[in-house]
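Notes for the structure review
Next come the chains, spelled out residue by residue.
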Amino acid sequence: MSSKNSDFVAVWEFWVRSGAEAEFEKAYGPDGAWVRLFSGDPAYGGTKLVRDLGEPRRYLTLDSWASAAAYKEFRRLHAEEYRAIDEVCESLTEREAKIGEFEVAS
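Since the structure is predicted, the reported quantities are computational estimates derived from the model, not experimental observations. (Residues numbered from 1 in each chain as written. Predicted model: local features only at pLDDT ≥ 70, side-chain atom pairs only at ≥ 80, totals over all residues. Heavy atoms only, no water.)

In regions of low pLDDT, the predicted coordinates are not meant to be interpreted in detail. Across the chain, pLDDT averages 94, with 95% of residues at or above 70. The spread of mean pLDDT over the elements of the chain runs between helix H4 (residues 79-89), the lowest at 95, and strand S1 (residues 8-16), the highest at 98. (pLDDT = per-residue confidence, 0-100. Helix = DSSP H or I, 4+ residues; strand = E, 2+ residues; numbered from the N terminus.)

As structure tokens, then:
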């Protein structure tokens, strides 16, 4: 994750279907569909995909943005594209949950 534009982080949790791990990592990793969508926005600071060592089908994404307002505006402006990617990726997971929205503590 880039250090620029990282005052806000949206964190999502995913439980990946057995056997879909490689495809999930491709979609959510540094060259995946999500990063390609987000990268067009100058307020985007990067995504980190991490896997739980104790539960190898559990992943978190940490999406870094300049601010909560920039993230919300991106979601509003790109709702259709966001929804389309989400629908394609839905088959890769058993469940998904937003963990929260966080800001850098000063």
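Additional details are given in the paragraphs that follow.
This next bit is on the pairing of strand S2 (residues 44-51). As a general feature of sheets, a regular strand has side chains that alternate between the two faces. Here S2 runs beside strand S3 (residues 58-65); their pairing, made up of 7 bridges, is antiparallel. By the bridge assignment for S3, Val 50 is matched with Leu 60. The loop that links S2 with its antiparallel partner S3 comprises 6 residues. (Pairing = 2+ DSSP bridges.)

This part is about helix H3 (residues 68-77). Listed as buried for H3 are Ala 70, Tyr 71 and Phe 74. What you see down the axis of H3 is that its buried residues fit within an arc of 100°, all on one side. Opposite the packed face of H3, turned more than 90 degrees from it, sit the exposed residues Ala 69 and Arg 76. Residues of H3 that are buried sit in contact with S1, helix H2 (33-38), S3, H4 and strand S4 (93-103). (Buried < 20%, exposed > 50% of the residue type's maximum accessible area, 1.4 Å probe, protein only. Arc of directions from axis to C-beta. Contact = heavy atoms within 4.5 Å.)

Let us now look at the packing of aromatic side chains. Under the definition given, this model contains 15 aromatic pairs. Ring geometry for Phe 14 and Tyr 28: centres 4.8 Å apart, planes at 55°, overall tilted. Here Phe 14, found in strand S1, pairs with Tyr 28, found in helix H1 (residues 21-28); they are 14 residues apart in sequence, far enough to count as distant. Phe 14 gets classed as buried once you look at its relative accessible area, which sits at 3%. Considering the side-chain rings of Phe 24 and Tyr 28, the 4.2 Å spacing of their centres and the 20° angle between planes classify their relative orientation as stacked. Pair noted here: Phe 24 and Tyr 28 are both in helix H1, with a separation of 4 residues, about one helical turn. (Phe/Tyr/Trp six-rings, centres within 6.5 Å; stacked < 30°, edge-to-face > 60°.)

Turning our attention to the sheet that holds S1. Read from one edge of the open sheet, 4 strands run S2-S3-S1-S4, paired in antiparallel fashion. Strand pairing shows two members of the sheet lacking a second neighbour, S2 and S4, which therefore form its edges. Averaged over all pairs of adjacent strands, the angle between their axes in this sheet comes to 15°, without regard to strand direction. For S1 and S4, the ladder comprises 9 bridges, and the chain directions are antiparallel. The partner of Val 11 across the bridge, within S4, is Gly 100. (Axes fitted to C-alpha atoms, helices over the stretch in contact; angles between N-to-C directions.)

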